Amino acid sequence: MAFDIDRYTETSVSVNWSDLDLEVFRRDPLPESSLRTLRYMADVEYHTVCYTRDLLTTPSHREADVSAFMTMWNREEFWHGEALAAVLAVHDITVDYDALKANRMKLGWKDRLDPIKQSVLGGLVGQDFVAVHMSWGAANEWSAITAYQRMAELEEHPVLAELLRRIAKQEARHVAFYTSQARERLAANTKAQKVTRFALSRFWAPVGSSISTEDDVRHVMTHLMSGPEGRRSARKVDDSISGMPGLAGLTIVQDALDRLGVS
Amino acid sequence: MNPSTGVGRAPTVGRGPAPFDVRGFARTAQGSLRDEFDLEAIARAGLAPECRRTLAALAELEGATMAYLRNVLVTATHKDARVTAFLVSWAYEKYWIADALRRIAGEAEDPEDRAAGIATSGRGPVRRALAGFVQGFDVIGAHLALGYVDDLVLDLAYARLAAAAIPIATDPGAAGPALGDLIARIRAIKSRHTAFFEGETCRRLGASPRAARLARREIRRSPWPLGGAAVGAAERAAFVRFATSDGAAVAALARGIRSLPGLDDRTATAVVRRLGA
């Protein structure tokens, strides 16, 4: 079904947590390993605007719907970061702009080269590259929803579960946008399918890999995606991705878990 | 700020203004204006063609945030989480300003011309990213200076729309007051953007002669208004004619630019010249 961009922009709001009693975390704090995962999630959410940068270097920024979506998407993800930072703050973990800047500083050359690489590829492959971005975005948003759902299940903390449910609900709309865009661009375009298939299978890594240490990525993936339940969730994401035109058989999430040694 | 022109804000250097509260700004960002104003009624009331054309151009210029984001985020500016946090809400507010303006004025003219303008405007992301390697963190001040100057330029048009010097509507008293209220609201929303850009620019350009040098260069070589590529050449020219018809306002614009540390008369003159005023 086509994504209704007007309806999305009209109803886009920052996630609300003012009615949730975060003080319960003082009496019933989250374990350290969960806080580490939560911190990773907050970093990823705050970093969204930087992913936008990669997307904007390609032809897609010329399209009004994509611009409208990205404006709202950026803001929603920023507020997810703020919401998670509020939970971390109750645990005396400060995520301020200076800390985020310090993290971004650590990225070094790889990060600086990304927009160039993306742009050159975008220029070479042209409009078909937008299909890669949209499929990539869909894979990331599906992973994010799954990660939040897993976190809620694992912690069994009513306040955290409710907050993560609200965040995941917004992520579901992001999935809807990315999948509608990806499907449209992949359908009946075998070149776009081939390029997307190649890019996802060769380069996709769990969301946050490009801004975190491998240790942190492994920690989060082990925390959320290990064991039979975790693997089942990963398979579900893979099934969604491989259900898009021309992407049948892709198992990029499970492959990434295997590479990280998460079982 | 001169209330009749909306430009020529007093320089803040040496006043030590309180740091801009980015979190507070994000928390109180203004969304859609559709409920607050009867935009259809303003559109129906009939606008002078010159005003309608300017409003349509402003809608395109305000909505061109993605082009600005692309240009600045491929450089070190994306590392500064305080700046990116601001830009997220800034883009959101401008999206809804553009939405309100578009609902009043309708779509801008000559879309073909516009598409061509986008395809050929300015340096591409690769060149900017490569230049950003060398420019490092000083480029952030230059990017924020662009935001400040662009706000001053667009405010020339808002000021003229708000002023009673020209008939706002073909039937004065119909769209006039309602449109005036909307313009005042938009200028109030934008005043926070200007405050952020001005404060950050002053701080950064004042602290680094290199940042000031980069700012001078970026300002001189940029097309004004900044999102000018988003509108066609004819629409841009009409916009500039409308916005810069008052010599005093243009002089105030030049003063506003010169008020920033490190920005000289040559830079201000270059903006005025590039505007074609």
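As the structure is a prediction and not an experimental result, all values here were calculated from the model. (Residues numbered from 1 in each chain as written. Chains lettered and ligands numbered in written order. Predicted model: local features only at pLDDT ≥ 70, side-chain atom pairs only at ≥ 80, totals over all residues. Heavy atoms only, no water.)

**Topic: the overall build of chain A**
At step 1: Across its full length, chain A holds 13 helices and zero strands.
At step 2: For chain A, the sequential pattern of α-helices and β-strands runs α-α-α-α-α-α-α-α-α-α-α-α-α.
At step 3: Once local pairs closer than 6 in sequence are excluded, the contacts in chain A between residues at least 24 apart make up 84%.
At step 4: For chain A, the computed accessible surface area is about 11300 Å², with 54% contributed by carbon and sulfur atoms. (Helix = DSSP H or I, 4+ residues; strand = E, 2+ residues; numbered from the N terminus. Contact = heavy atoms within 4.5 Å. Areas by Shrake-Rupley, 256 points an atom, 1.4 Å probe, with all protein chains shown as cover.)

**Points about the overall build of chain B**
At step 1: Of the regular secondary structure elements, chain B holds 13 helices and zero strands.
At step 2: Helices and strands appear in chain B in the N-to-C order α-α-α-α-α-α-α-α-α-α-α-α-α.
At step 3: Across the 277 residues that make up chain B, the buried fraction comes to 58%.
At step 4: Put simply, of all contacts in chain B between residues at least 6 apart along the chain, 88% involve residues at least 24 apart.
At step 5: Summing over all exposed atoms, chain B offers an accessible surface of approximately 10500 Å²; the carbon and sulfur share of this is 55%. (Buried < 20%, exposed > 50% of the residue type's maximum accessible area, 1.4 Å probe, protein only.)

**Some words on the confidence of the model for chain B**
All names here are of chain B.
At step 1: With 78% of its residues at a pLDDT of at least 70, chain B reaches an overall mean of 82.
At step 2: For chain B, the element scoring lowest by mean pLDDT is helix α6 (residues 111-120), at 40; helix α5 (residues 81-105) scores highest, at 95.
At step 3: Taken together, the stretch residues 1-14 has pLDDT below 50 and engages in 36 contacts with residues farther than four places along the chain or on a different chain. (pLDDT = per-residue confidence, 0-100.)

**Remarks on helix α8 (residues 138-162) of chain B**
Residue and element names in this part refer to chain B.
At step 1: Helix length check: α8, at 25 residues, gives a terminal C-alpha distance of 37 Å against a target of 36 Å (1.5 Å per residue), a fit within 8%.
At step 2: Helix geometry: α8 is bent most strongly at D155, by close to 25 degrees.
At step 3: In terms of burial, α8 is largely enclosed, as 23 of its 25 residues are buried. (Expected span 1.5 Å × (residues − 1). Bend = angle between axes of the 7 residues up to and from the residue.)

**As for the environment of Y97(A)**
At step 1: With respect to the helices and strands, the residue Y97(A) is situated in helix α6 (residues 97-105).
At step 2: Along the primary structure Y97(A) and Y46(A) are separated by 51 residues, whereas in three dimensions their C-alpha atoms are 9.6 Å apart.
At step 3: Look past the residues within four positions of Y97(A) in its chain and what remains in contact with it is F78(A), E82(A), V22(B), R23(B), A81(B), R82(B) and A85(B).

**A few points about the packing of helix α12 (residues 247-258) of chain B against helix α13 (residues 265-275) of chain B**
Residue and element names in this part refer to chain B.
At step 1: Direction vectors running N to C along α12 and α13 enclose 140 degrees, while the axes themselves pass 8 Å from each other. The angle between α12 and α13 falls in the class oblique. Considering only the axes of α12 and α13, their crossing is right-handed. Residues V250, L253, A254, I257 and R258 of α12 form the contact with α13, whose participating residues are D265, A268, V271, V272 and L275.
At step 2: In the contact of α12 with α13, the residues fall into eight nonpolar, no polar and two charged. (Axes fitted to C-alpha atoms, helices over the stretch in contact; angles between N-to-C directions. Parallel < 35°, antiparallel > 145°, perpendicular 65-115°, else oblique. Left-handed = near helix turned anticlockwise from the far one by under 90°. Nonpolar A, V, L, I, M, F, W, Y, C, P; charged D, E, K, R; others polar.)

**Looking at the packing of helix α5 (residues 64-90) of chain A against helix α9 (residues 158-186) of chain A**
All names here are of chain A.
At step 1: Put simply, α5 and α9 touch, their axes get as near as 11 Å, and they point 155 degrees apart. The orientation of α5 with respect to α9, classified from their angle, is roughly antiparallel. Two packed elements cross with a definite hand, and for α5 against α9 that hand is left-handed. Taking contact as the criterion, the partners of D65, V66, F69, W73, E76, E77, H80, A83, L84 and V87 in α5 are, on α9, L163, L164, I167, Q170, E171, R173, H174, F177, Y178, Q181 and R185.

**Digging into the packing of aromatic side chains**
All names here are of chain A.
At step 1: Counted under the stated rule, the structure contains 23 aromatic pairs over all chains.
At step 2: Centroid distance F3 to F69: 6.4 Å. Interplanar angle 85 degrees. Geometry classified as edge-to-face. One end of the pair, F3, is in the segment before α1 (5-11); the other, F69, is in helix α5, and 66 residues separate them in sequence.
At step 3: Accessibility expressed as a relative area gives 0% for F69, which makes it buried.
At step 4: Here the aromatic rings of Y46 and F78 are separated by 5.8 Å at their centres, their planes lie at 70 degrees, and the arrangement is edge-to-face. Within this pair, whereas Y46 is found in helix α3 (residues 32-46), its partner F78 is found in helix α5, the two being separated by 32 residues in sequence.
At step 5: Look at Y46 and you get buried, because its relative accessible area is 5%.
At step 6: Residue class for F78 comes out buried when judged on its relative accessible area of 4%. (Phe/Tyr/Trp six-rings, centres within 6.5 Å; stacked < 30°, edge-to-face > 60°.)

**Notes on the pattern of salt bridges**
At step 1: Overall, the coordinates contain 30 salt bridges over all chains when judged by the stated rule.
At step 2: The network of salt bridges with common partners includes E10(A), R34(B), E40(B), D99(B) and R103(B). (Salt bridge = Lys/Arg side-chain N within 4 Å of Asp/Glu carboxyl O.)

**Some details on the side chain of Q181(A)**
At step 1: Along the polypeptide, Q181(A) turns up in helix α9.
At step 2: With relative accessibility at 9%, the residue Q181(A) sits in the buried group.

**Focus: the side chain of D151(B)**
At step 1: Relative to the helices and strands, D151(B) is located in helix α8.
At step 2: For D151(B), the residues in contact, after removing those within four places along its chain, are K190(B), H193(B), T194(B) and F197(B).

**Quick word on unusual backbone geometry**
At step 1: At the junction of W224(B) and P225(B), the peptide bond is cis and its omega measures out at -5 degrees in the coordinates.
At step 2: Phi at D92(A) takes a positive value of approximately 60 degrees, unusual for a residue other than glycine.
At step 3: Note on placement: D92(A) falls in the loop between α5 and α6.
At step 4: The backbone phi angle of E156(A) is positive, close to 50 degrees, even though this residue is not glycine.
At step 5: Here E156(A) shows up in the loop between α8 (128-155) and α9.

**Observations concerning helix α10 (residues 209-221) of chain B**
All names here are of chain B.
At step 1: End to end, α10 covers 19 Å across 13 residues, agreeing with the expected 18 Å (1.5 Å per residue, within 8%).
At step 2: Here α10 has its buried residues at A211, A212, L214, A215, E218 and I219. An end-on view of α10 places all buried positions within 160 degrees of arc, on one side of the element. (Arc of directions from axis to C-beta.)

**A closer look at the environment of S245(B)**
Residues and elements named next belong to chain B.
At step 1: The residue S245 is located in the loop between α11 (233-243) and α12 in this model.
At step 2: Judged by its relative accessible area of 44%, S245 falls in the partly exposed class.
At step 3: Of the polar contacts made by the side chain of S245, one reaches the side chain of R160; its length is 2.9 Å.
At step 4: Here F242 takes part through its backbone oxygen, which lies 3.5 Å from a polar atom of the side chain of S245. (Polar contact = N/O pair within 3.5 Å; in protein donor to acceptor, adjacent residues only side chain to side chain.)

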